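# Structural description and commentary
Below are the chains, spelled out letter by letter.
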Amino acid sequence: MGSSNDLRVLEITVISGEDLSINRKQPVKKNAFVTIKTDSFKEQTTKMDKDGGGYPAWDEKFVMDMPMHARYFTAEVRFKTAAGSRIVGTAVIPASDFLGDYVPENYLHFLSYRLWDSHGERNGILNLSVRVKSSSSVKNAYGGGCSSHSAGCSRPWSRIAVGGQQVSNGEAVVTGIPVWS
């Protein structure tokens, strides 16, 4: 297993599904659940939504490690049957949808993805949120420290002055070149 430097920590909340059906014909009646896989060894599964049918709601949060080299994670929506479980559809969530040079650490992304069944047909929508945990909280979680000038570490901001006005976190984006004195 790699070191904590080889991983990014994701906070994934599986929110809900929309228009889930069996063989693109009849709606899922009950017992839908979602499995999130960040790589072939790491997966977590929601509880079953027993009453939501084709429009289930889970609202379950997972904190999962994802390898730095991984370009995506997958979400598989299934439903339980008497004989086991069947796949409704799968979504591939690209890391580029929640990682970026201009996105602040701990930014919460609300995302919706088309589900594709085993025949390559559209089969519903999955709604989720993804937050990449900040490098300082990851380092602290793995026992490391974070100095104000160390690479890969940043300090969260709550209020900054822009044009003489105070702007709160999330209300504006400020770009520029940092200058260290």
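Look up a bit, the structure's there.
A short tour of the structure in this document, coming up. Keep in mind that what you see is a predicted model, and the values were worked out from it rather than measured.

One finds F73, F98 and L126 to be the most contacted residues of the largest nonpolar core, which totals 30 residues. Elements with a minimum of two residues in this core: β1 (7-18), β4 (32-39), β6 (57-67), β7 (72-81), β8 (84-94), β9 (108-116) and β10 (122-132). Here F98 is in contact with L10, M66, F73, I93, H109, V130 and V132, once residues within four sequence places are set aside.

Glancing now at the pattern of salt bridges. This model, assessed by the stated rule, comprises 5 salt bridges. Residue E11 pairs with K61 through a salt bridge whose shortest N-O separation is 4.0 Å. Taken together, the residues E11 in strand β1 and K61 in strand β6 connect sequence positions 50 residues apart. Judged by relative accessible area, E11 falls into the buried class, the value being 10%. The class of K61 is exposed, set by a relative accessible area of 54%.

The rules behind these values
Residues numbered from 1 in each chain as written. Predicted model: local features only at pLDDT ≥ 70, side-chain atom pairs only at ≥ 80, totals over all residues. Heavy atoms only, no water. Core = buried A, V, L, I, M, F, W, Y, C linked by side-chain atoms within 4.5 Å. Buried < 20%, exposed > 50% of the residue type's maximum accessible area, 1.4 Å probe, protein only. Helix = DSSP H or I, 4+ residues; strand = E, 2+ residues; numbered from the N terminus. Contact = heavy atoms within 4.5 Å. Salt bridge = Lys/Arg side-chain N within 4 Å of Asp/Glu carboxyl O.

Everything listed here is a matter of coordinates, which is why it stays silent on function.
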